[in-house]
Amino acid sequence: DIYCLRKMLGADSFSKADWGSLTTLDLSEALIVRGGEWYYRNYYTIKNAIGDYMFNGCQNLQKIVLPNSVTSIRDYAFSSCDALISVEIPESVKTIDKTALMR
């Protein structure tokens with residue numbers, strides 16, 4: 001789930017003592033479904049979307065391959081991901097909010 005991935009990627013909403021060391025994430029075959037538990041300050045997953053703040057503050061994240069089924073990338077999805085150097089965006093993506101990749 002996204003909450004656990006955020007922790008493994010060093011999201012700044014967790015203490016450094018809880019961080020994992022994951023730097024690369026391949027979600028190409030993953031499906032994002034609606035609902036479940038919140039992943040960040042009351043934000044929940046949206047079907048086929050990289051949601052608002054989904055990977056915000058993930059300090060370890062360097063490379064991510066997005067799911068082939070994703071159709072949108074929402075606001076601040078990758079904000080404050082200071083180590084991020086590569087985002088593979090599939091052809092299925094139709095909309096990218098203007099602040100989605102904001103540092």
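Computed from a prediction, not measured in an experiment: that's the story for all the values here.

What follows is about the sheet that holds strand β6 (residues 72-73). Two strands in a sheet stick together by hydrogen bonds in their backbones, pointing the same way (parallel) or opposite ways (antiparallel). Spatially, 3 strands are ordered β4-β6-β8 in an open sheet, and the strand pairing comes out parallel. With partners counted over all chains shown, the strands left at the sheet margins are β4 (49-50) and β8 (95-96), one partner each. Bridge count for β6 against β8 is 2 bridges, and the pairing is parallel. Of the residues in β8, the one forming a bridge with S72 is T95.

The next point concerns the side chain of S72. Relative to the helices and strands, S72 resides in strand β6. Setting aside residues up to four positions removed in sequence, S72 forms contacts with N48, A49, I50 and T95.

Let us look at the packing of aromatic side chains. Going through the model one piece at a time under the given rule, you end up with 7 aromatic pairs. Each ring, one from Y3 and one from F14, has its centre 5.2 Å from the other, and the planes form 80°; the classification is edge-to-face. Remark: F14 occurs in the loop between α1 (2-8) and β1 (24-26) and Y3 occurs in helix α1; sequence separation between them is 11 residues. The interplanar angle of 40° and the centroid separation of 5.2 Å between the aromatic rings of Y43 and Y53 together place this pair among those described as tilted. Residue Y43 is found in strand β3 (residues 43-45), and its partner Y53 is found in the loop between β4 and β5 (63-65); the two are separated by 10 residues along the sequence.

Here we take up the pattern of salt bridges. Across all of its chains, the model carries 2 salt bridges by this definition. Note that R74 is salt-bridged to D52, the shortest N-O span being 3.7 Å. Of this pair, R74 sits in the loop between β6 and β7 (86-88) while D52 sits in the loop between β4 and β5, and the two are 22 residues apart along the sequence. Since its relative accessible area comes to 29%, R74 is described here as partly exposed. A residue is classified by how much of its surface remains accessible, and D52, at 17% relative accessible area, is buried. Close ionic contact of K63 with E88 constitutes a salt bridge, the shortest N to O distance being 4.0 Å. Within this pair, whereas K63 is found in strand β5, its partner E88 is found in strand β7, the two being separated by 25 residues in sequence.

Rules and cut-offs
Residues numbered from 1 in each chain as written. Predicted model: local features only at pLDDT ≥ 70, side-chain atom pairs only at ≥ 80, totals over all residues. Heavy atoms only, no water. Pairing = 2+ DSSP bridges. Helix = DSSP H or I, 4+ residues; strand = E, 2+ residues; numbered from the N terminus. Contact = heavy atoms within 4.5 Å. Phe/Tyr/Trp six-rings, centres within 6.5 Å; stacked < 30°, edge-to-face > 60°. Salt bridge = Lys/Arg side-chain N within 4 Å of Asp/Glu carboxyl O. Buried < 20%, exposed > 50% of the residue type's maximum accessible area, 1.4 Å probe, protein only.

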